[in-house]
Amino acid sequence: MSAEDVLAPLDAAPVEPPAQPPALPAQPPPHEPRRLPVQFTGRAGEYFGIWIVNVVLTLLTLGIYSAWAKVRTERYFYGNTRIDGTPFEYLALPMQILKGRLIAYAVVIAMGISAHFGFLVVYFPLVFAVLLLLPWLLQRALRFRARYSAWRGMRFRFVNGVDDAYLNFMFRPLLMIPTMYMLLPWVRKHQQEYIVTGHRFGGLRFGFQGELGPYYIPFAICLGAGFVAYFVMLLAVFGAAWFLEGSRSGGESAPNDVMLAVMLPVAVVYLALLVLPVFLRTRYTNLMWGNTRLGPHRFACTLRARDIIWIYLSNGVAILCTLGLAVPWAMVRLAKYRAAHFELLALGDLDEFVAEAERAEGAASAELVDALDLDVGIGL
């Protein structure tokens, strides 16, 4: 047998391609978060019974019952606010509120009396002390409110320190004065970040991922609207002045009409300017919740400024026309609107939260913040 006969079959044998690795299994689609809307189940008629009893007993007890009234009100609104079918809880006790309220209103009354009777040697040190302690008071108020708020039997916590409170609520706001408030969006963003990241729930700390640019957009809109409003007002005033000069030169005099023509646009412009803070706060509230995280879970807040402005305006008119009896209806109406525009975007199981130990907190700081009508909330 020749060499060609031996090699021919080898040359003719087909060559198999090298084995390919097995194909990877198709990746499952990313898990979509569950949208859990907030539900508010309170009713105006139901809350009216609680509210009217609170008002009557507070008057009869010269304000002492106001602590119990606050607890009943908070528990009603907390208990009727639900996420995933579970209501929130307000756990503070009336005696805690009463002790804090007595201290807070003693300070406010002392300031009022000293200002009324001209005791400036007392008034100015009190005002200076309150301003100096303001960041500490805000931090303590946030700790108290978090400590006595709960969901699914687990309390919230607030853990950010006093040093950051002074940075965000005293030193950074002071920088707005030389910059003519151009740093307001930057200050507000850092204040929201301090409030959000200080809260904990179920072993997890809230996170905040916000960019500065979106905070300047509503601020720029407010600036532009304000300049336009003042320009329109000046045109109206100068137009009325020109009309007055023309009337006098023609021998006609209608001072009342001219005064009305001058004051009406001024009043309209100033009323229009009142809606700008509401617009700005609504937009910033949406930004805050849109930038907030709790572990893998996110939040969505879709409040609309025009709706909030209309609710505030119509609520105010209703309260005035009913001599205050529409207050429960107004409060329930606003709570329903807020709940309808808020969602928890849950990615995973909500049963994985674990309770954390926490010590009791005093209510004096929270009550003083309320008495001074200071805004430390994380909502509208």
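In the block above lies the structure referred to throughout.
What you see is a predicted model; the values in this text were computed from it and never measured.

## Side note on the packing of helix H11 (residues 305-321) against helix H12 (residues 327-340)
Contact geometry for H11 and H12: axes closest at 9 Å, N-to-C directions at 170°. Taken together, the axis directions place H11 and H12 in an arrangement best described as roughly antiparallel. The segment H11 lies against H12, with Asp307, Ile308, Trp310, Ile311, Tyr312, Ser314, Asn315, Ala318 and Ile319 engaging Val327, Trp329, Ala330, Arg333, Leu334, Tyr337 and Arg338. Tallied by class, the residues present in the contact of H11 with H12 amount to 11 nonpolar, 2 polar and 3 charged.

## Quick notes on unusual backbone geometry
Residue arginine 152 is not a glycine yet carries a positive backbone phi of 55°. With respect to the helices, strands and loops of the structure, arginine 152 is situated in the loop between strand E4 (149-151) and strand E5 (154-158). Arginine 152 sits in the partly exposed class, given a relative accessible area of 28%. One non-glycine residue, leucine 323, lies in the positive phi region at around 55°. If you trace the backbone, leucine 323 turns up in the loop between H11 and H12.

## Thoughts on the sheet that holds strand E3 (residues 86-90)
Strand order in the closed barrel made by the 10 strands is E1-E2-E3-E4-E5-E6-E7-E8-E9-E10, with antiparallel pairing throughout. Each adjacent strand pair in this sheet contributes to an overall mean axis angle of 30°, direction not counted. As judged from the 2 bridges shared by E4 and E5, these two strands associate in the antiparallel manner. Of the residues in E5, the one forming a bridge with tryptophan 151 is methionine 154. Relative to the sheet, H12 contacts strand E1 (34-40) and strand E10 (342-346), its axis offset from that of E1 by approximately 180°.

## With respect to the pattern of salt bridges
Summed over all chains, the structure comprises 5 salt bridges. Across the salt bridge formed by arginine 43 and glutamate 46, the nearest N and O atoms sit 3.9 Å from each other. For glutamate 46, a relative accessible area of 37% puts it in the partly exposed group. A salt bridge links aspartate 84 to arginine 152; its shortest N-O distance comes to 2.9 Å. Of this pair, aspartate 84 sits in the loop between strand E2 (81-83) and E3 while arginine 152 sits in the loop between E4 and E5, placing them 68 residues apart in sequence. Aspartate 84 gets classed as partly exposed once you look at its relative accessible area, which sits at 34%.

## Focus on the packing of helix H5 (residues 120-147) against helix H6 (residues 162-174)
Working note: a packed helix pair is described by the angle between its axes plus the distance between those axes. Packing of H5 against H6 leaves a shortest axis separation of 8 Å and a crossing angle of 120°. It follows that H5 is oblique to H6 by the angle criterion. Handedness of the crossing formed by H5 with H6: right-handed. Across the interface between the two elements, Leu131, Leu132, Leu133, Pro135, Trp136, Leu138 and Gln139 from H5 touch Val162, Ala165, Tyr166, Phe169 and Met170 from H6. For the contact of H5 with H6, the class distribution of residues is 11 nonpolar, 1 polar and no charged.

## Let's talk about the packing of aromatic side chains
Tallying each qualifying case throughout the model produces 23 aromatic pairs. A network of ring pairs unites the aromatic residues Phe40, Tyr47, Tyr76 and Phe77 as a single cluster. Over the ring of tyrosine 148 we find arginine 147, and its NZ or CZ is 5.1 Å from the ring centre.

## Overview of H11
Since the α-helix advances by 3.6 residues per turn, residues separated by three or four positions end up pointing in the same direction. Over its 17 residues, H11 extends 24 Å from the first C-alpha to the last, a length consistent with the 24 Å expected when each residue adds 1.5 Å. For H11, the complete set of buried residues consists of Ala305, Asp307, Ile308, Ile311, Ser314, Asn315 and Ala318. Buried residues along H11 sit in contact with helix H10 (275-290) and H12. Immediately downstream of H11, the backbone of leucine 323 shows phi near 55°, a positive value.

What counts and what doesn't
Starting from 1, residues in each chain are numbered consecutively following that chain's sequence as written. With pLDDT at 70 or above as the cut-off, local features in this predicted model cover only qualifying residues; side-chain atom pairs require 80 or more to be listed or tallied, and sums for whole chains, interfaces and linings still use all residues. The basis for every side-chain value is the complete set of heavy atoms in the structure, and neither hydrogens nor water enter the calculation. Here the axes come from fitting lines to C-alpha atoms, over the contacting stretch only for helices, and the angles between their N-to-C directions go from 0 to 180 degrees. Secondary structure elements follow DSSP: runs of H or I no shorter than four residues count as helices, runs of E no shorter than two count as strands, and numbering proceeds from the N terminus. Roughly parallel here means an angle under 35 degrees, roughly antiparallel means over 145, roughly perpendicular means 65 to 115, and every remaining angle is called oblique. A contact between two residues is defined here by any heavy atoms of the two lying within 4.5 Å. Each residue receives one of three labels: charged for Asp, Glu, Lys and Arg, nonpolar for Ala, Val, Leu, Ile, Met, Phe, Trp, Tyr, Cys and Pro, and polar for the others, Gly being one of them. Accessible area is worked out with a 1.4 Å probe on protein chains only. A residue is then buried under 20% of its type maximum, exposed over 50%, and partly exposed in between. The pairing criterion for strands is at least two bridges between them, as found by DSSP. In the sections that follow, a salt bridge refers to a side-chain nitrogen of Lys or Arg positioned within 4 Å of a carboxyl oxygen of Asp or Glu. We call a crossing left-handed when the near helix sits turned anticlockwise from the far one by less than a right angle, and right-handed when that turn is clockwise. Stacked, edge-to-face and tilted labels apply to pairs of Phe, Tyr and Trp rings (six-membered ring for Trp) whose centres lie within 6.5 Å, assigned for plane angles under 30 degrees, over 60, and everything in between, in that order. The criterion for a charge sitting over a ring is simple: Lys NZ or Arg CZ within 6 Å of the ring centre, and within 35 degrees of the ring normal. The length a helix should cover is 1.5 Å for every residue beyond the first.

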